[in-house]
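What follows is the residue order along each chain.
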Amino acid sequence: MTFADFADYFWRNRGLMGEYFLQHVQMVAAGVGLALLAGVPLGILCMRGRWTARLVLAVTGILQVVPSLAMLVLLMLWMGLGNATVMAGLFLYSLNPIVRNTYVGLQQVSGSLIDAARGVGMSRWQQLWRVRVPLALPYMMTGLRVAAVIAIGVATIAPLVGGDGLGREVYAGINGQNSLRIYSGALPAALLAIVADIGLGALQRRLDPAAARSRRPRAGGGASGKDGADAAVPPVPKAQG
Amino acid sequence: MTMIQIRDVNKRYDDGFHALKNINLEFRQGEMTVLIGPSGCGKSTTMRLVNRLVSPTSGTVEIGGRDIRSIDPVELRRSIGYVIQSVGLFPHMTIGRNVAVVPRLKRWDADKTARRVDELLDMVGLKPDLYRDRYPSELSGGQQQRVGVVRALAADPDIILMDEPFSALDPLSREQLQEDVARLQQELHKTIVFVTHDMDEALKIADRIVLMKDGEVVQSDTPDRMLRRPANDFVRTFIGQKRLEAGGAADVAEREAGPDLGGFVMADGPTVNDVMVTQPAVTYPGRGLAEAITTMERRKVDSLYVVDRQRKLLGSVSIYNVMDSYGDEDKTVADVMMPVRYSVQSGTPLTQAVELLASHRLHNVAVIDEDSRFIGLITRGSVVRHLAEKLPHGDNGEEPGSSTGLGPQGGNREEHS
């Protein structure tokens, strides 16, 4: 097999490949998108108290450590075969990085800023939306980025539970012992993960008006400018996928 | 008139810590009251009672005769200015947004808010066009805290709380900010509660000082009375120890008499600006005599120039003027000061100033700018130092070039080391 063979195969099947690719992106976007919608409020909920935070983080943490194949199979038993099962799995998988990073982001806002916010007369709600959330945005974006990259990987096993996407091509290749087809599924998936990582990374820096110009409180040694902003990215939770 | 009344307030925390013990205080309208004491003495806690950031375990706080428990805390805080240490600006908001925080919370319309922001930035010498859209991190610490101060003024509150606002600043910016605040207070007459641990700062800006220790008020008095009649040894040590520390760091003698220079004429005339001492010791007309003596001791000088808040020269007092009337506690600097008979304009050749010194046997001559603001002082010492810098030494001929390059700053730096 040469690269020419691969290119030839891929080109001849470009319609199907495009369709798989699109399905892949859709499943990931739906799963991660739902996780964002649910995860950010859950992260905010964690601010209510230490015990709430422990409970929420424990539950999402457990979801995260279930092996991806087991998760999808368990969901399949309950939800049946199909894309919905895959999306539910991706949703559960993405919760932990998003909730945890949201919570960390909200927590790291310096106490004196919250004191200032209270002192100038912001209600709790305004303290949250005008001070904590804007300052936590880069952290939330980190969570989203980690979740997306994991989800793109997990989504390749979708065909095992009746889902679509680039995994179809991979499994077809495995079953038919056709490495051309395995490459045709695996390479675009890998590329998608890299592009998502870079793209969301850029968006993360963009969404952070303060970071572009400021020394964030936790940035190492008050380093100035863009380096300082990058240093403010929190440690990401261990990914498993 | 009493603006804020704190009555029988106790504060006990859940862990049993008795932070405030039976506090009774009143803060008068239009006065700057400084709460001071060692760390952990309860000064910040006391201040935070006023905007309900701390609620008392027992006792009441009244503003304008009204118990503040009857006011919604969020509304209350919007009507009280609040300044904290330098980190208080929101890093994700521009300077304009930061200043506009309270007006926006109060839902002022956009035009009115924008006008107010520009007006306030102007007030502390930050050009609105230049600074409005910058982020806090793009400003120096001193500039940031100036923004912090005007943010507190934005909605024109009657009361302003300041919690060690300048403690994180370098000494120069701190001095500048203290003068800014004193100047603003002269115009605005707010009721200000100011927390600090720096006695020099307190003596400089306070109308009234409240000294606290272990959650209790030890003495509450005007700065002058506190210096004259410290209530007990603790007050004495607190003032004394602080003064000693300040004295150690302060500049050395500024007005020592030098040898008579006669009619010495420089070849290529430097101006008085090159030679003058730029941070001369000054006092203000409303200051008490004991305060004046403290300033003299701290700066190690025997006379002070009296200026108003715009630094216009009003007169001068010597230690003799002060000592003659020291027994009269009601007298202030304004009552004993003498008019200034000799001063020179900024840009005057040094030779004229030296002639003035010589022919009238003066110890020093004040330098004023075109708006008659007091900007510096020519002393015999400063002239001698300048000459020493400029004149070539007989034994090392290669030196003069480099020492001329150093210029007058070299002389001044020496003065302050």
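The model shown is predicted, which means the values in this text are computed figures rather than measured ones. (Residues numbered from 1 in each chain as written. Chains lettered and ligands numbered in written order. Predicted model: local features only at pLDDT ≥ 70, side-chain atom pairs only at ≥ 80, totals over all residues.)

Colleague: Help me understand the overall build of chain B, please; the structure alone is not making it clear to me.
Modeller: Secondary structure assignment for chain B yields 18 helices and 16 strands. Burial statistics for chain B: of 417 residues in total, 41% are counted as buried. Sequence-distant contacts, at least 24 apart, represent 66% of the contacts inside chain B between residues at least 6 apart. (Helix = DSSP H or I, 4+ residues; strand = E, 2+ residues; numbered from the N terminus. Buried ≥ 20, exposed ≤ 12 C-beta atoms within 10 Å, placed from the backbone. Contact = placed C-beta atoms within 7 Å.)

Colleague: Help me out: how do you make sense of the overall build of chain A in this one?
Modeller: The secondary structure content of chain A amounts to 10 helices and zero strands. Counting from the amino terminus, chain A carries its helices and strands in the arrangement α-α-α-α-α-α-α-α-α-α. Buried residues in chain A amount to 43% of all 241 residues. Excluding contacts between residues fewer than 6 apart, the proportion of contacts in chain A whose partners are at least 24 apart in sequence is 71%.

Colleague: Looking at this structure, how should I read the sheet that holds strand β14 (residues 343-345) of chain B?
Modeller: Within a beta sheet, neighbouring strands are joined by backbone hydrogen bonds and run either parallel or antiparallel to one another. All names here are of chain B. An order of β14-β15-β16 is seen for the three strands of this open sheet, with the pairing classed as mixed. Two strands bound the open sheet, and with one partner strand each, they are β14 and β16 (374-379). With direction set aside, neighbouring strand axes in the sheet form an average angle of 30°. (Pairing = 2+ DSSP bridges. Axes fitted to C-alpha atoms, helices over the stretch in contact; angles between N-to-C directions.)

Colleague: Hey, could you run me through the interface of chain B and chain A in this one?
Modeller: Put simply, an interface is often sized by how much accessible area is lost when its parts join up. Opposite the 20 residues of chain B that make contact, chain A presents 19 residues. Contributions of two or more residues to the side of chain B that touches chain A are made by α2 (73-78) and α4 (101-105) of chain B. Classifying every residue of the side of chain B that touches chain A by side-chain character gives 12 nonpolar, five polar and three charged. (Nonpolar A, V, L, I, M, F, W, Y, C, P; charged D, E, K, R; others polar.)

Colleague: Where do I start with the pairing of strand β10 (residues 216-221) of chain B in this structure?
Modeller: Within a regular strand, the side chains alternate between the two sheet faces. Residues and elements named next belong to chain B. Here strand β9 (residues 208-213) runs beside β10; their pairing, made up of five bridges, is antiparallel. Following the sheet pairing, I209 is matched in β10 by D221. The turn joining β9 and β10, which pair antiparallel and follow one another in sequence, is formed by two residues; a positive phi near 50° is taken by D214.

Colleague: What should I look at first to understand the confidence of the model for chain B in this one?
Modeller: Predicted coordinates in areas of low pLDDT are best not read in detail. Residue and element names in this part refer to chain B. For chain B, the average pLDDT comes to 82, and 86% of its residues sit at 70 or higher. With pLDDT under 50 throughout, residues 244-267 is counted as low confidence; its partners more than four residues away or in other chains account for 42 contacts. Across residues 394-417, where pLDDT falls below 50, the model places 23 contacts with residues more than four positions away in sequence or in other chains. The complex prediction reports pTM at 0.67, with the ipTM value standing at 0.73. (pLDDT = per-residue confidence, 0-100.)

Colleague: Would you explain the pairing of strand β6 (residues 80-83) of chain B in this entry?
Modeller: All names here are of chain B. Across the two faces of β6 the burial is the same, with I80 and Y82 and G81 and V83 all buried. With four bridges joining them, β6 and strand β7 (residues 159-163) adopt parallel strand pairing. Residue G81 lies in a different strand from β7, and its bridge partner there is I160.

Colleague: Where do I start with the packing of helix α2 (residues 14-45) of chain A against helix α9 (residues 179-206) of chain A in this structure?
Modeller: Geometry of a packed helix pair, given as the angle between the helix axes and the separation of the axes. Residue and element names in this part refer to chain A. Where α2 meets α9, the closest approach of the two axes is 11 Å, and the angle between their N-to-C directions is 45°. On the basis of the axis angle, α2 is oblique to α9. The hand of the α2/α9 crossing is right-handed. Here α2 contributes M17, F21 and H24 to the contact with α9, which in turn contributes S184, P188, A189 and L192. (Parallel < 35°, antiparallel > 145°, perpendicular 65-115°, else oblique. Left-handed = near helix turned anticlockwise from the far one by under 90°.)

Colleague: How should α2(A) be read in this particular structure?
Modeller: A turn of α-helix holds 3.6 residues, and therefore any two residues three or four places apart point the same way. Over its 32 residues, α2(A) extends 46 Å from the first C-alpha to the last, a length consistent with the 46 Å expected when each residue adds 1.5 Å. In α2(A), a bend of some 25° at A:A38 exceeds every other bend along the element, and A:P41, a proline, comes one to four places later. (Expected span 1.5 Å × (residues − 1). Bend = angle between axes of the 7 residues up to and from the residue.)

Colleague: Which parts of the structure should I look at to understand the nonpolar core?
Modeller: Note that soluble globular proteins tend to have their nonpolar side chains buried in a common cluster. In terms of nonpolar packing, the biggest core is built from 159 residues, with A:L90, A:A151 and B:V34 touching the most fellow members. At 15 residues, helix α7 (residues 124-154) of chain A tops the list of elements feeding residues into this core. Counting contributing residues, this core receives three or more from each of domain 1 (2-245) and domain 2 (272-416) of chain B. For A:L90, the contacting residues outside a window of four places in its chain are A:M27, A:V28, A:G31, A:V32, A:A151, A:V154 and A:A155. (Core = buried A, V, L, I, M, F, W, Y, C linked by C-beta atoms within 7 Å. Domains from an automatic or database assignment.)

Colleague: I keep staring at unusual backbone geometry and nothing clicks. Help me out?
Modeller: A negative phi angle is the norm for most residues apart from glycine, just as the trans form is the norm for most peptide bonds. Residues and elements named next belong to chain B. Positioned with a positive phi, N22 is a non-glycine residue whose angle comes to about 50°. With respect to the helices and strands, the residue N22 is situated in strand β2 (residues 18-28). Of note in the backbone geometry, R52 takes a positive phi value of approximately 60° without being a glycine. Along the chain, the position of R52 falls in the loop between α1 (43-50) and β4 (58-63).

Colleague: Would you explain the sheet that holds strand β8 (residues 191-196) of chain B in this entry?
Modeller: Residues and elements named next belong to chain B. Taking strand neighbours across the sheet as the criterion, the six strands line up as β6-β7-β8-β3-β9-β10 in an open arrangement whose pairing is mixed. The open sheet is flanked by β6 and β10, the only strands paired with a single partner. For this sheet the average axis-to-axis angle between neighbouring strands, irrespective of direction, equals 15°.

Colleague: Just to check I follow, could you spell out helix α6 (residues 111-119) of chain A for this structure?
Modeller: Within α6(A), the full set of buried residues consists of A:L113, A:A116, A:A117, A:R118 and A:G119. Next to the buried residues of α6(A) lie α7 of chain A together with α2 and β6 of chain B.

Colleague: Any chance you could explain the confidence of the model for chain A here in plain terms?
Modeller: The share of residues in chain A with pLDDT of 70 or more is 86%, and the mean pLDDT across the chain is 84. Confidence drops under a pLDDT of 50 for residues 214-241 of chain A, and excluding neighbours within four residues, the segment shows 51 contacts in the predicted structure.

Colleague: Sorry if this is basic, but what is going on with the packing of α7(A) against α9(A) here?
Modeller: Residue and element names in this part refer to chain A. For the pair α7 and α9, interaxial distance at closest approach is 9 Å and the crossing angle is 175°. In terms of their interaxial angle, α7 and α9 are classed as roughly antiparallel. Residues P138, M141, T142, L144, R145, A148, V149, I152 and G153 of α7 touch α9, and the partners they reach there are A189, L192, A193, A196, D197, L200, G201, L203 and Q204. Partitioning the contact of α7 with α9 into residue classes produces 12 nonpolar, four polar and two charged.

Colleague: Help me understand the environment of B:R104, please; the structure alone is not making it clear to me.
Modeller: All names here are of chain B. Take R104: it is sitting in helix α4. The exposure class assigned to R104 is partly exposed, which follows from the 16 C-beta atoms found within 10 Å. Through-space distance from the C-alpha of R104 to that of A155 is 9.5 Å; in sequence the pair is 51 residues apart.

Colleague: Help me out: how do you make sense of the environment of B:D371 in this one?
Modeller: All names here are of chain B. Mapping D371 onto the fold places it in the loop between β15 (364-368) and β16. Here D371 falls in the exposed class, since 10 other C-beta atoms lie within 10 Å of it. Expressed as a C-alpha distance, the spacing of D371 and K312, which sit 59 residues apart in the sequence, is 7.8 Å.

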